[in-house]
Amino acid sequence: MKNIIAFAGSNSKNSINKDLVTYASTLVEDANITILDLNDFELPLYGIDLEHEQGIPENAHKFLNLIKESDGILLSLAEHNGAYSTVFKNLFDWLTRINGKMFFNKPMFLMATSPGGRGGLTVLEIAKGRFPFHDGNVVEIFSLPFFGNNFADGKIINEDYNNQLINAVERFNKQL
């Protein structure tokens, strides 16, 4: 059985991206899913001086090991001002200091949602362009716009978007 990690690029306790990735993880077949919360991997704000003075924090090593030990990654990126959230960018920066090729060519399903009509498309485009430089094997991308209108009771309630997600998860499954 495959081991999949799923997480949101957010530290919000009420993260809509965590809701989305958690729902998407229920659609993955024949896999052990581990839902990660970035709040469980607290890290100081990255800086080269801090790294030289204190080294790389243990939580960065723990998170990187979870990626390394997985067979695939489900990641729903929060979009803040058209880019990654600060907490995700900070994690990303620490992980790349350990291993620049931090994704180990694991199949990745990137997704995003937002309250607005673009559904995090800008951050998905950034990740799609950036992650391959870090050995990211992005095999699927999904965007859910207007989260409040399209998601309720732990699932996507818009049939068209739900079918898009189901089909994308099936294609992701085939890459594992």
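What you are looking at is a predicted structure, and each value in this text was computed from that prediction instead of being measured.

**Student:** Which residues make up the overall build of the protein, and what values do they have?
**Tutor:** When its secondary structure is counted, the protein shows seven helices and nine strands. The C-alpha radius of gyration computed for the protein amounts to 16 Å, which stays within 12% of the reference 16 Å derived for 176 residues, consistent with globular compactness. With the C-alpha coordinates of the protein rotated into their principal frame, the extents come out at 50 × 35 × 25 Å. Taking the contacts inside the protein whose residues are at least 6 apart along the sequence as the reference set, 79% of them involve residues at least 24 apart. Looking at the protein as shown, the accessible area adds up to about 8700 Å², and 45% of this sits on carbon and sulfur atoms. For the protein, the distance from the average position of its 15 positive side-chain charges to the average position of its 21 negative side-chain charges is 4 Å.

**Student:** Could you give an account of the side chain of lysine 106, with specific residues and numbers?
**Tutor:** You can see lysine 106 is positioned in the loop between helix 4 (86–98) and strand 6 (107–113). An unpaired buried charge is present at lysine 106: no salt bridge exists, and aspartate 71, the closest side chain of opposite charge, is 5.4 Å distant. Of note is the side chain of lysine 106, whose polar atom sits 2.7 Å from the backbone oxygen of serine 70. Excluding residues that lie within four positions of it along the chain, lysine 106 makes contacts with Ile67, Lys68, Ser70, Asp71, Gly72, Ile73, Asp135 and Asn137.

**Student:** Please provide a residue-by-residue account of the sheet that holds strand 6, values included.
**Tutor:** Read from one edge of the open sheet, five strands run 2-1-3-6-7, paired in parallel fashion. Bordering the open sheet on either side are strand 2 (31–36) and strand 7 (137–144), each of which pairs with just one other strand. Sheet twist, expressed as the average angle between the axes of neighbouring strands with direction ignored, equals 20 degrees. Pairing of strand 1 (residues 2–8) with strand 3 (residues 72–76), which is carried by five bridges, proceeds in the parallel orientation. Within strand 3, the residue paired with phenylalanine 7 across the bridge is leucine 75.

**Student:** I'd like to hear about the packing of aromatic side chains, residue by residue, with values.
**Tutor:** Going through the model one piece at a time under the given rule, you end up with 14 aromatic pairs. Judged by centre distance (5.1 Å) and plane angle (85 degrees), the rings of phenylalanine 7 and phenylalanine 63 are edge-to-face. Of the two residues, phenylalanine 7 is situated in strand 1 and phenylalanine 63 in helix 3 (residues 58–69); the sequence distance between them amounts to 56 residues. Accessibility assignment for this pair places phenylalanine 7 and phenylalanine 63 in one class, buried. With a centroid separation of 6.1 Å and 15 degrees between ring planes, the pair formed by tyrosine 84 and phenylalanine 131 is classed as stacked. Placement of tyrosine 84 in strand 5 (residues 83–84) and of phenylalanine 131 in the loop between helix 5 (121–130) and strand 7 is noted, with a sequence separation of 47 residues between them. A single burial state applies to tyrosine 84 and to phenylalanine 131, both of which are buried. A connected cluster of aromatic rings, assembled from ring pairs, spans Tyr84, Phe88, Phe92, Phe103 and Phe131.

**Student:** Quick rundown of the pairing of strand 7? Include the residues and the values.
**Tutor:** Here strand 6 runs beside strand 7; their pairing, made up of seven bridges, is parallel. When the sheet's bridge partners are listed, methionine 108 is paired in strand 7 with valine 138.

**Student:** Go over helix 1 (residues 16–26), please, and point to the residues and values.
**Tutor:** Taken as a whole, helix 1 has its buried residues at Asn17, Leu20, Val21, Tyr23, Ala24 and Ser25. The N-cap residue of helix 1 is serine 15: its side-chain oxygen and the backbone nitrogen of asparagine 17 are 3.2 Å apart.

**Student:** Tell me about the nonpolar core, residues and numbers included.
**Tutor:** Ranked by size, the top nonpolar core spans 28 residues in total, and within it Phe7, Phe63, Leu75 and Phe131 carry the most contacts. Here this core gets five residues from one element, more than from any other, and that element is helix 4. Setting aside anything within four residues of it in sequence, one finds phenylalanine 63 in contact with Phe7, Leu36, Leu38, Phe41, Leu91 and Leu95. Counting 21 residues, the second-largest nonpolar core is a separate cluster that includes Ile4, Leu20, Phe151 and Val169.

**Student:** Lay out the packing of helix 1 against helix 7 (residues 159–175) in plain terms, naming residues and giving numbers.
**Tutor:** Axis angle and axis distance: for two packed helices, these are the angle between their axes and the distance between the axes, and together they describe the pair. Contact geometry for helix 1 and helix 7: axes closest at 10 Å, N-to-C directions at 60 degrees. Classed by the angle they form, the pair helix 1 and helix 7 counts as oblique. As helix 1 packs across helix 7, the resulting crossing turns out to be right-handed. Between helix 1 and helix 7, the residues in contact are Leu20, Tyr23 and Ala24 and Asn162, Leu165 and Val169, respectively. Residues that form the contact of helix 1 with helix 7 fall into these classes: five nonpolar, one polar and no charged.

Conventions used here
Residues numbered from 1 in each chain as written. Predicted model: local features only at pLDDT ≥ 70, side-chain atom pairs only at ≥ 80, totals over all residues. Heavy atoms only, no water. Helix = DSSP H or I, 4+ residues; strand = E, 2+ residues; numbered from the N terminus. Rg over C-alpha atoms; globule rule 2.2 N^0.38 Å. Contact = heavy atoms within 4.5 Å. Areas by Shrake-Rupley, 256 points an atom, 1.4 Å probe, with all protein chains shown as cover. Lys, Arg positive; Asp, Glu negative; His and termini not counted. Charge placed at Lys NZ, Arg CZ, Asp CG, Glu CD. Buried < 20%, exposed > 50% of the residue type's maximum accessible area, 1.4 Å probe, protein only. Salt bridge = Lys/Arg side-chain N within 4 Å of Asp/Glu carboxyl O. Polar contact = N/O pair within 3.5 Å; in protein donor to acceptor, adjacent residues only side chain to side chain. Pairing = 2+ DSSP bridges. Axes fitted to C-alpha atoms, helices over the stretch in contact; angles between N-to-C directions. Phe/Tyr/Trp six-rings, centres within 6.5 Å; stacked < 30°, edge-to-face > 60°. Core = buried A, V, L, I, M, F, W, Y, C linked by side-chain atoms within 4.5 Å. Parallel < 35°, antiparallel > 145°, perpendicular 65-115°, else oblique. Left-handed = near helix turned anticlockwise from the far one by under 90°. Nonpolar A, V, L, I, M, F, W, Y, C, P; charged D, E, K, R; others polar.

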